[in-house]
Amino acid sequence: MGASQSVRTEHEFQDVADRTGFSLEQIGNLNKRFRQLSKNEETLSRQDLASISALDNNPLRAQIINAFFDKRNLRENEAGTVQVIGFEEFLMVMSHFRPAAMHITEEEREKLRREKLRFVFNMHDTDSDGTITLEEYRRAVEELLSKAGTIGQETAKAIADAAMLEVASTTRGKMEPDEFYEGITFENFLQILKTFDIETRMHIRFLNMDTATMRCGK
Amino acid sequence: MSVRVALHSPTGSRSFLERGLLLLVMLIFLEGTVLTLGAASSPDISAQDNTGGGHDRRDDHRGIAGSHEHTNYTYTKKAFPVLSLDYHHIQVPFEISLWVLLASLMKLGFHLIPRLSSIVPESCLLIVVGLLVGGLIKLAGEEVPPVLDSNLFFLCLLPPIILDAGYFLPIRPFMENIGTILMFAVVGTLWNAFFVGGLLYAVCQIEGTYLSQVELLPCLLFGSIISAVDPVAVLAVFEEIHINELLHILVFGESLLNDAVTVVLYHLFEEYSGAGEVTPTDVILGVICFLIVSLGGIAVGAIYGILAAFTSRFTSHTRVIEPLFVFVYSYMAYLSAEMFHLSGIMALIACGAVMRPYVEANISHKSHTTVKYFLKMWSSVSETLIFIFLGVATVAGPHAWNWTFVSVTVILCLVSRVIGVVGLTFIINKFRIVKLTTKDQFIVAYGGLRGAIAFSLGYLLDKDLFPMRTMFLTAIITEIFFTVFVQGMTIKPLVDLLAVKKKQEAKRSINEEIHTQFLDHLLTGIEDICGHYGHHHWKDKLNRFNKKYIKKCLIAGERYKEPQLIAFYHKMEFKQAIELVESGGGVKLPSAMPSQVSMQNIQPKKLPPAVAERALPQFTKGREEEIRKILRSNLQKTRQRLRSYNRHTLVADPFEDGWNDFLLKKQRMIELEKKMTEMSNYLTVPAAPPDSPTMCRARLASGDDFKAEKAGAKVIPDPNAFYNIKASSDGVPTIQVDLASPQSPDSVNMLNEFSKRGATDQGLGQREGATRDEDQGLMMKLSSAGKEEKEEGGNKNPGLMRCLSDPGPSNEDEEDEPFLP
């Protein structure tokens, strides 16, 4: 990287830092990784992510890679996928995995919670129609158990069915005979994972974390 | 904590003998050995066991044994005694039983008075009971027995509690917070010990306190005894306040892991308080000693844990003694660690935590329940006895009350705890992602209760080396009473007042389990993309290693392949099936069922027949499948029971419940039979292929199309206990269960059922495209069914097979390639 470029990126970084909540140091680290993955290109493609060998054993490999190219995770109110992402988009996705700040109000916590759950929801909702249908849920569970061999595939469906019924019974309570549960909406999703403290669980440790700059929101 | 010092009891030699016997009998009791009391009282055995007691004890024993013989000789010429009283012969076991009975009755009593137990923690009430009992003994003019003897405490009362804690230790939160826990346990305890000990010494030097004879090292020794948070007291209080998991594991984990620090400090100071000076070399040796004591304890525990897991691999034919291995190996781990003066508590924790996942996969469901109940029973009796004994010991012990010393101790303990927690949290929070809030810090500091371990350690002190032992004991008791009574009683209102987050009472749902696993993999993936290896990455590595090698060695059969999610699902399924049987095997669903929806829709009571038929499509595939399984497993189990009853064997069948139970279940089966008749329509027909996503989706999404799908089969209740659910059309699964059949539970009938379903599936698979939008009743016409039947039979749904039989892994042999293309 030349000197002029680093000045430019630094300015850019500040801008991104304000929006994603990462510290400059973290952004610097992530940028290094981004360059490494994209082989010094401006953009990152699916192949670049797929070439990470550590991901090979991850049953969710395809879903994770898809999440990076999902427009819903990049901008609000847009659906569909993109072919390549820039560094800023990469950070946007990564920002879903920032830990919560120390002192946050209840509203902020709730917002953070919704954000993180939305990310997971979007991973399940592959056709972006706002509901996780049984088929989508089954596929998700199947992927999850894809490393478990034949037993996994056999049971995955049963598990997804049981889980779906659980959602239906918790969210609808009693259903009329001619009523049908068409799929998990995001509200249902929030409800069913009410006791699942995702805001304190869905995060990773980014290097050189500066706790002071971490705020809720993008 | 280990018992290393020979006892120097203030009481006479008679109590030595008593204690020796008491100990021995308790040991036997704990080991589960069936030795007769006659053998127990033989002088040889007791002499072997009471090695610490010294010569006088053995001599006493011999003396009494000798006098017995002597008496026998003189009375030989008299008439044969028809009835004689020999209380002494049974005294020790009898008194032990009395104590245990008292403890159990007290425990029972408190729960009969709900209002009392909601205000005062049980531990406080038990101490009060102990005080009363001690007072009564004293009033009766008897000498109060030295009940809270260190040997008894460390060898008999403490291990069950710790094993219970270790075996059921929530590994996940424990490992996630291990850094914080270790910080509190090691650095926090060190800080407390030196702060309390040092300042106490300073206070003692003030003129006018009459304490100037107290030296620095005894003060530090006292500080190290008093500074450790006690697992028994913490468990007793925290179990009642239902605090959230994080805080619970922080305080409780600390109380478990500070054992090594306390052991080392205790011995270091005890060693040198006689010698005088402590050199820097001793400090270094102390640090090395700490590492050896803690890591050695963990290593010993882990070795025994692996041995236990390995042993349980081969117990599938002797199910009755399975639970024993868990207890004996753990106790051996504790004793072995004590033998080398390592941390016994850490050994027990490590042993329990290491063996649990493998043992649970190997042993039968009933054995697992046995383990659970025995551990809970032992630990709760031990806990009750410990608190009662604390009360009795308070009455018994000689006291030396010194206002300054006692009050300074109490204040210093509080102050050092608060400073320690706040200071350490300040450092820890820099590294933690989920920060500890001020409230959390307060609860951690306030939850630092002291208990019987401190008392027993104080009791161990040598009276000649420590002339102020009595004063120490009094101060320790006061501090215990202060923490247990004042802090223990106020912590609950304070938790409410501060609105500290409580524990989630709800059961873990399958959705949560899915997302726990999902999140694990997701975070590992994101870490990999970020390119640095955080703890998710290493955890993933470890899990894979565990799955690939360790599980293969330690878990019998094919079960080691099973991922956690599937294991969870099977467990849940199994529990539901059992609950359904217990509740009478009927229509009523237990609350744990995740799917009330479809059940409610098909309940005939609420809906007139016409509506009920309309509701049929609603009755989703999964649900239907579930009921089938449950009903089938009911039949299955009854048959097993019948079989094993005829054989009069217990070992062969862990489900054997005795004759009465059998009658009861039979009655239930009759009820079930009725219900089945009622429900037959819904149960037999839709014959849904278990693995067709199309079907299922269609059912969930567009059930209206299913009206055509009607009941085609009926249950014919047969008076000869012969269940025959016949299908009126081809391709509909048949359940044929002969209750009296001596055949193996999973044989022909089940396979028949599976094969037919498999055929159904195949049939559907072929016309999947065609049926998508059509009336799904199509699946009833199965033209291609018969052909594949033989090929596909037996390889369907291995999980279900396990679910129906004993969870032992033996019937996994039929797993083959997946059936669907």
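Sequence positions are assigned chain by chain, starting from 1 and proceeding in written order. Chains and ligands are labelled by the order in which they are written, letters from A for the one and numbers from 1 for the other. Confidence filtering applies because this is a predicted model: local features only for residues at pLDDT of at least 70, side-chain atom pairs given and counted only at 80 or more, and all residues used for totals across whole chains, interfaces and linings. No hydrogens and no water enter the side-chain calculation; it runs on all heavy atoms of the structure.

### Overview of the overall build of chain A
And then number 1: A run of H or I in DSSP becomes a helix once it reaches four residues, and a run of E becomes a strand once it reaches two; helices and strands are each numbered from the N terminus. Scanning chain A from N- to C-terminus turns up eleven helices and four strands.
And then number 2: Counting every position in chain A, which comprises 218 residues, the buried fraction comes to 54%.
And then number 3: Within chain A, contacts between residues at least 6 apart in sequence are counted, and of these 59% link residues at least 24 apart. Relative accessible area decides the class of each residue, using a 1.4 Å probe on protein chains only: under 20% of the type maximum gives buried, over 50% gives exposed, and in between gives partly exposed. Working rule for contacts: check all heavy atoms of both residues, and any pair within 4.5 Å makes them a contact.

### Looking at the overall build of chain B
And then number 1: Of the regular secondary structure elements, chain B holds 33 helices and three strands.
And then number 2: Counting across all 821 residues of chain B, residues that qualify as buried make up 56%.
And then number 3: The long-range share in chain B, meaning contacts at least 24 apart out of those at least 6 apart in sequence, stands at 78%.
And then number 4: Areas reported as accessible are Shrake-Rupley estimates using a 1.4 Å probe. Residue values count occlusion only from the protein chains shown. Here chain B displays about 35900 Å² of accessible surface, and carbon together with sulfur accounts for 64% of that area.

### Things to note about the packing of aromatic side chains
And then number 1: Planes of paired rings set the category: under 30 degrees apart is stacked, over 60 is edge-to-face and the rest tilted, where pairs are Phe, Tyr or Trp rings (Trp by its six-membered ring) whose centres lie within 6.5 Å. Within the structure shown, the criterion is met by 26 aromatic pairs over all chains.
And then number 2: Ring geometry for F374 of chain B versus W378 of chain B: centroids 5.4 Å apart, planes at 80 degrees, classification edge-to-face. Placement of both F374 of chain B and W378 of chain B in helix α17 (residues 365–396) is noted, with a separation of four residues, approximately one turn of the helix.
And then number 3: Ring pairing ties together the aromatic residues F34, F68, F87 and F90 of chain A, which thus form one cluster.
And then number 4: Should the NZ of a Lys or the CZ of an Arg lie within 6 Å of a ring centre and within 35 degrees of the ring normal, that charge is described as sitting over the ring. Note that R118 of chain A overlies the ring of F186 of chain A, its terminal NZ or CZ placed 3.9 Å from the centroid.
And then number 5: Directly above the aromatic system of Y167 of chain B lies the positively charged group of R356 of chain B, at a separation of 5.7 Å from the ring centroid.

### Here's the deal with the UniProt feature "domain: EF-hand" (unreviewed entry) in chain A
And then number 1: UniProt positions are given in the numbering used here, feature names are shortened, and annotations may be inferred rather than shown by experiment. Residues annotated by UniProt as "domain: EF-hand" (unreviewed entry) correspond here to residues 112–147 of chain A.
And then number 2: Within residues 112–147 of chain A, the helical portion is 67% and the strand portion 6%, while the C-alpha atoms at the span's ends are 31 Å from each other.

### Comments concerning the packing of helix α10 (residues 178–205) of chain B against helix α18 (residues 403–431) of chain B
All names here are of chain B.
And then number 1: Only the contacting stretch of a helix is used when fitting its axis, a line to C-alpha atoms as for every element, and angles between N-to-C directions run 0 to 180 degrees. Closest axis-to-axis distance for the α10/α18 pair is 8 Å, and the angle between their directions is 145 degrees. In this structure, α10 meets α18 at a crossing whose hand is right-handed.
And then number 2: Classes in brief: Ala, Val, Leu, Ile, Met, Phe, Trp, Tyr, Cys and Pro nonpolar; Asp, Glu, Lys and Arg charged; the others, Gly included, polar. The class makeup of the residues in the contact of α10 with α18 is 20 nonpolar, eight polar and one charged. Helix crossings fall into two classes, left-handed where the near helix is turned counterclockwise from the far one by less than a right angle and right-handed where it is turned clockwise.

### Here we look at the environment of N66 of chain A
Residues and elements named next belong to chain A.
And then number 1: Looking at the element boundaries, N66 is found in helix α4 (residues 61–68).
And then number 2: With relative accessibility at 36%, the residue N66 sits in the partly exposed group.
And then number 3: Expressed as a C-alpha distance, the spacing of N66 and R46, which sit 20 residues apart in the sequence, is 8.0 Å.

### Brief notes about the confidence of the model for chain A
Any segment with low pLDDT has predicted coordinates that should not be analysed in fine detail.
And then number 1: Summary of the metric used: pLDDT quantifies the predictor's per-residue confidence within the range 0 to 100. On average, residues of chain A score 75 in pLDDT, and 82% of them are at 70 or above.
And then number 2: Confidence over residues 209–218 of chain A falls short of pLDDT 50; this stretch has 29 contacts with residues more than four positions distant or in other chains.

### A short note on unusual backbone geometry
And then number 1: Backbone geometry places K39 of chain A, a non-glycine residue, at a positive phi of 55 degrees.
And then number 2: Relative to the assigned elements, K39 of chain A resides in the loop between α2 (24–37) and β1 (44–45).

### Side note on the packing of helix α5 (residues 87–112) of chain B against α17 of chain B
All names here are of chain B.
And then number 1: Where α5 meets α17, the closest approach of the two axes is 9 Å, and the angle between their N-to-C directions is 100 degrees. Between α5 and α17, the crossing angle belongs to the class labelled roughly perpendicular. Residues W99, V100, L102, A103, M106 and K107 of α5 form the contact with α17, whose own contacting residues are S380, V381, E383, T384, L385, I388, F389 and V392. Here the angle decides the label: under 35 degrees means roughly parallel, over 145 means roughly antiparallel, 65 to 115 means roughly perpendicular, and every other value means oblique.

### Focus: the side chain of E322 of chain B
Residue and element names in this part refer to chain B.
And then number 1: Position of E322 among the secondary structure elements: in helix α15 (residues 322–339).
And then number 2: Judged by its relative accessible area of 2%, E322 falls in the buried class.
And then number 3: We call two N or O atoms a polar contact when they sit within 3.5 Å, provided that within protein one can donate a hydrogen and the other can accept it, with sequence-adjacent residues counted only if both atoms are side-chain atoms. For E322, the side chain forms a polar contact with the side chain of T315, separated by 2.9 Å.
And then number 4: Here E322 is in contact with T315, S316, N362, I363, S364 and S367, once residues within four sequence places are set aside.

### Describing the nonpolar core
And then number 1: Counting residues in each nonpolar core, the largest one holds 140 residues, and the members touching the most others are W99, F153, L158, F238, F389, F405 and F455 of chain B.
And then number 2: If you tally residues by element for this core, the top one is helix α13 (residues 245–275) of chain B, at 15 residues.
And then number 3: In contact with F238 of chain B, other than residues within four places in its own chain, are I243, L247, H248, V251, I443, G447 and I491 of chain B.
And then number 4: Think of a nonpolar core as a cluster: buried Ala, Val, Leu, Ile, Met, Phe, Trp, Tyr and Cys residues, connected wherever their side-chain atoms sit within 4.5 Å. Counting 74 residues, the second-largest nonpolar core is a separate cluster that includes L44 of chain A together with L522, L565 and M572 of chain B.

### Some remarks on a nonpolar patch on the surface
Residues and elements named next belong to chain B.
And then number 1: Within the patch definition used here, like charges are joined within 9 Å and nonpolar side chains (Val, Leu, Ile, Met, Phe, Trp, Tyr) within 5 Å, considering only residues with over 30% relative accessible area and no salt bridge. In the sections that follow, a salt bridge refers to a side-chain nitrogen of Lys or Arg positioned within 4 Å of a carboxyl oxygen of Asp or Glu. Nonpolar side chains collect at one region of the surface, where L85, Y87, I90, F94, L98, L101, L105, L108, L112, I113 and L116 lie side by side and expose about 1100 Å² of accessible area between them.
And then number 2: Per-element accounting of the nonpolar patch gives the leading share, eight residues, to α5.
And then number 3: By the element assignment, L98 lies in helix α5.
And then number 4: Of the residues examined, L98 reaches a relative accessible area of 44% and is grouped as partly exposed.

### Re the side chain of N429 of chain B
And then number 1: With respect to the helices and strands, the residue N429 of chain B is situated in helix α18.
And then number 2: Among the polar contacts listed, one links the side chain of N429 of chain B to the backbone nitrogen of L436 of chain B, at a separation of 2.9 Å.

### Considering α5 of chain B
And then number 1: The sharpest bend along α5 of chain B reaches about 35 degrees and sits at P93 of chain B.
And then number 2: Those residues of α5 of chain B that fall on the buried side of the exposure criterion are Q91, V92, P93, I96, W99, A103, K107 and F110 of chain B. The bend at a residue is defined as the angle formed between two axes, one fitted to the seven residues ending at that residue and one fitted to the seven starting there.

### Focus on the pattern of salt bridges
Residues and elements named next belong to chain B.
And then number 1: Evaluation of the coordinates by the stated rule reveals 13 salt bridges over all chains.
And then number 2: Residue R544 is joined to D540 by a salt bridge in which the shortest nitrogen-to-oxygen separation is 2.9 Å. Highlighted residues: R544 and D540, both in helix α23 (residues 535–554), separated by four residues, approximately one helical turn.
And then number 3: Here D540 falls in the buried class, since its relative accessible area comes to 17%.
And then number 4: Connected through shared salt-bridge partners, R172, E176, D520 and K539 make up one network.

### Brief notes about the environment of V196 of chain B
All names here are of chain B.
And then number 1: Within the element layout of this structure, V196 appears in helix α10.
And then number 2: On the basis of relative accessible area, V196 is assigned to the buried category, the value being 1%.
And then number 3: Discounting residues that sit within four places of it in the chain, V196 has contacts with G223, I226, L412, C413 and S416.

### Focus on the state of the cysteines
Residue and element names in this part refer to chain B.
And then number 1: Cysteine sulfur atoms that pair up within 2.5 Å are treated as a disulfide. Going through the model one piece at a time under the given rule, you end up with zero disulfides over all chains.
And then number 2: Note on C204: no disulfide assigned, nearest cysteine sulfur contributed by C219 at a separation of 4.4 Å.
And then number 3: For C204, a relative accessible area of 0% corresponds to the buried category.

### A closer look at the confidence of the model for chain B
All names here are of chain B.
And then number 1: Looking at chain B, the pLDDT average stands at 69 and 59% of residues meet or exceed 70.
And then number 2: Looking across chain B, the model is least confident in helix α26 (residues 609–615), with a mean pLDDT of 35, and most confident in α15, with 92.
And then number 3: Counted against residues more than four places away or in other chains, residues 585–619, with its pLDDT under 50, gives 88 contacts.
And then number 4: With pLDDT under 50 throughout, residues 638–660 is counted as low confidence; its partners more than four residues away or in other chains account for 44 contacts.
And then number 5: Scored as a complex, the prediction yields pTM 0.67 and ipTM 0.86.

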